[in-house]
Amino acid sequence: MDVKQPASALSSPRFCNMGTFMRMPRLDSAKGLDFAIAGAPFDTGSSFRSGSRFGPNAIRNISAMMKPNNVILQVNVLENMKGGDLGDFNVTPGYIHPSYDAIEAGVAEICRNGAIPIILGGDHSITLAELRAVYKKYGKVALVHFDSHSDLCDEVFGQKYNHGTPFRRAIEEGLIDPSHSIQIGMRGSLYDPNEHKMAAELGMLLIPAHKVREMGLESMIRTALNRVGDMPVFLTFDIDFVDPAYAPGTGTPEVGGFTSYEALSLIRAFKDMNFIGFDIVEVLPACDSGEVTAYLAANIVFEYLSILALKKKNQNT
């Protein structure tokens, strides 16, 4: 398969041929690819502000600003890898279980073809379907979870399935290994003062934002690397991990978060993890100012792609 570099803005204006991530090729199959980008535009699992169904499109549109070379990691994301954008999964608005089926089937097909799935959300409920899919190929995985909320609730509004419950369900279904998983950045007021302790009871390691600040980023990075070890890793990134001053376009913002620079640096610091999948969730364009949240999300995806490209480059040398 001949997969080309994104069109250069020196010859083709950025506002032409948009609609895929970084204006990569729009493909129908992940066959022969190293990675595949897909959208999961589902937000019926949201509990406050809805609209993240439009997140995948917003991320793709502003990603036209992205160039293929990562200066820090010294890689071109498509020089050593084949990849493309498969478009969106056909979710069913208002119905979470049919949407789960569609997302799971789509991610499972990507995995069966040997590609790494990179999913653009959508609210955080979608990650459960993705974990069901990667489990079919890899078995239990380690979860690396950036967020301001733990999403470990048993029920929200009396319901078992929404964006506040995916990781409780994932543990119950045996999709992740809690003893090798870590949740980073939780903060904000809570109804249950013991919510963070719930993570430890379930076998997870949760490091809230204030503890990250107390221990320092370098110490937290070492803790995460030791926790995960050589397990296959699924990284899930809720954009509200970042402070709303840097990422206002999200459904349940929490102040006291991290900067955009810190978010990108943390992703990059995990470059030696054995990644098998990734998603970015909870981008809500209607609340975004100047597309800064969508652009940050696109850059986070780019850093993840750069890690995959670096691994492939090192394999080829």
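Higher on the page you've got the structure.
Rules and cut-offs
- Residues numbered from 1 in each chain as written.
- Predicted model: local features only at pLDDT ≥ 70, side-chain atom pairs only at ≥ 80, totals over all residues.
- Heavy atoms only, no water.
- Helix = DSSP H or I, 4+ residues; strand = E, 2+ residues; numbered from the N terminus.
- Rg over C-alpha atoms; globule rule 2.2 N^0.38 Å.
- Buried < 20%, exposed > 50% of the residue type's maximum accessible area, 1.4 Å probe, protein only.
- Areas by Shrake-Rupley, 256 points an atom, 1.4 Å probe, with all protein chains shown as cover.
- Lys, Arg positive; Asp, Glu negative; His and termini not counted.
- Charge placed at Lys NZ, Arg CZ, Asp CG, Glu CD.
- Phe/Tyr/Trp six-rings, centres within 6.5 Å; stacked < 30°, edge-to-face > 60°.
- Lys NZ or Arg CZ within 6 Å of the ring centre and 35° of its normal.
- Core = buried A, V, L, I, M, F, W, Y, C linked by side-chain atoms within 4.5 Å.
- Contact = heavy atoms within 4.5 Å.
- Pairing = 2+ DSSP bridges.
- Axes fitted to C-alpha atoms, helices over the stretch in contact; angles between N-to-C directions.
- Right-handed = clockwise from strand over helix to strand, strands pointing away.
- 1 Å grid on protein atoms, 1.4 Å probe; cavity = no way out; pocket = protein on both sides within 12 Å on 5 of 7 lines; lining within 4 Å.
- Points joined across faces, edges and corners; volume = space filled by probe spheres on them.
- Nonpolar A, V, L, I, M, F, W, Y, C, P; charged D, E, K, R; others polar.
- Parallel < 35°, antiparallel > 145°, perpendicular 65-115°, else oblique.

Participant: Please explain the overall build of the chain as it appears in this structure.
Facilitator: From N to C terminus, the chain includes nine helices and ten strands. Over its C-alpha trace the chain gives a radius of gyration of 18 Å, about what one expects of a compact globule, namely 20 Å for 317 residues. Scored against the burial criterion, the 317 residues of the chain give a buried share of 58%. A total of about 12,900 Å² of accessible surface is found on the chain, and carbon and sulfur atoms cover 52% of it. Looking at charge distribution, the chain has the averaged site of its 29 positive side-chain charges lying 6 Å from that of its 36 negative ones.

Participant: I tried to follow the packing of aromatic side chains on my own but got confused; where do I start?
Facilitator: The description of an aromatic ring pair rests on the distance of the ring centres and on the angle between the ring planes. One pass over the full model with this rule turns up eight aromatic pairs. Centroid distance Phe241 to Phe258: 4.5 Å. Interplanar angle 5 degrees. Geometry classified as stacked. Pair noted here: Phe241 is in the loop between β9 (232-238) and α8 (260-269) and Phe258 is in the loop between β9 and α8, with a separation of 17 residues, a long-range link. Ring geometry for Phe275 against Tyr304: centres 5.3 Å apart, planes inclined by 70 degrees, an arrangement best described as edge-to-face. One end of the pair, Phe275, is in strand β10 (residues 274-281); the other, Tyr304, is in helix α9 (residues 292-315), and 29 residues separate them in sequence. You'll find Phe275 and Tyr304 in the same group, each marked buried. Three or more aromatic residues joined by ring pairs make a cluster, and in this case those are Phe146, Phe237, Phe241, Phe258 and Phe270. Sitting above the plane of the Tyr138 ring, Lys137 keeps its charged end 5.7 Å from the centroid.

Participant: Can you walk me through the nonpolar core in this structure?
Facilitator: Of all hydrophobic cores here, the largest spans 61 residues; its most connected members are Phe146, Phe237, Ile280 and Leu305. Broken down by element, this core gets its largest block of residues, 13 residues, from α9. Residues within four places of Phe146 in sequence aside, it is in contact with Ile184, Leu235, Thr236, Phe237, Asp238, Phe241, Leu266, Ile267 and Phe270. Counting 41 residues, the second-largest nonpolar core is a separate cluster that includes Val107, Ala108, Ile119 and Ala133.

Participant: In this structure, what is going on with the sheet that holds β9? I would like to understand it.
Facilitator: The strands that make up a sheet are held in pairs by hydrogen bonds between backbone atoms, and each pair lies either parallel or antiparallel. Overall, parallel pairing links the eight strands, which are arranged β4-β1-β5-β10-β9-β6-β7-β8 in an open sheet. Both edges of this open sheet fall to β4 (83-88) and β8 (205-207), since each of them pairs with a single strand only. On average, each strand axis in the sheet is inclined to that of its neighbour by 15 degrees, with strand direction left out of account. Pairing of strand β1 (residues 35-40) with strand β5 (residues 116-121) involves six bridges; the strand directions are parallel. Bridge pairing links Ala36 to Pro117 in β5. Sheet strands touched by helix α3 (residues 126-138): β1, β5, β6 (142-146), β9 and β10. Its angle to β10, the strand with the most contacts, is close to 165 degrees. Each of β6, β7 (182-184), β8 and β9 touches helix α7 (residues 217-228); the most contacted strand, β8, lies at about 170 degrees to it.

Participant: Teacher, can you tell me more about the pairing of β6 here?
Facilitator: Consecutive side chains along a regular strand alternate between the two faces of the sheet. Taking burial as the measure, the five residues of β6 include five buried ones, the bulk of the element. Relative to β9, β6 is paired through five bridges, and the arrangement is parallel. Of the residues in β9, the one forming a bridge with His145 is Thr236. Of the strand pairs in this sheet, β6 and β7 are connected by three bridges, and their pairing is parallel. Its bridge partner being in β7, Phe146 is matched across the sheet by Ile184. With helix α4 (residues 166-172) bridging β6 and the parallel β7, this β-α-β connection has right-handed handedness.

Participant: Help me understand the layout of surface pockets in this model?
Facilitator: The gaps left among the atoms become clear once a water-sized probe is rolled over them. Empty space within the largest pocket amounts to approximately 660 Å³. Lining the largest pocket are 25 residues, and of these Ser47, His149, Cys153, Tyr191 and Glu195 lie nearest its centre. Residue classes in the lining of the largest pocket are distributed as seven nonpolar, nine polar and nine charged. Approximately 230 Å³ is the volume found for the second largest pocket. Considering the residues around the second largest pocket, the lining is formed by Leu33, Asp34, Met81, Gly114, Ile116, Met273, Asn274, Phe275, Leu308, Lys311, Lys312 and Gln315. For the lining of the second largest pocket, the elements supplying multiple residues, two or more each, are β10 and α9.

Participant: Please explain the packing of helix α1 (residues 55-62) against α9 as it appears in this structure.
Facilitator: Interaxial distance between α1 and α9 falls to 8 Å at its minimum, and their mutual angle equals 75 degrees. Of the possible angle classes, the one that applies to α1 and α9 is roughly perpendicular. Together, Ala58, Ile59 and Ile62 of α1 and Ala294, Tyr295, Ala297 and Ala298 of α9 make up the contact between the two elements.

Distances and angles like these do not, on their own, reveal function.
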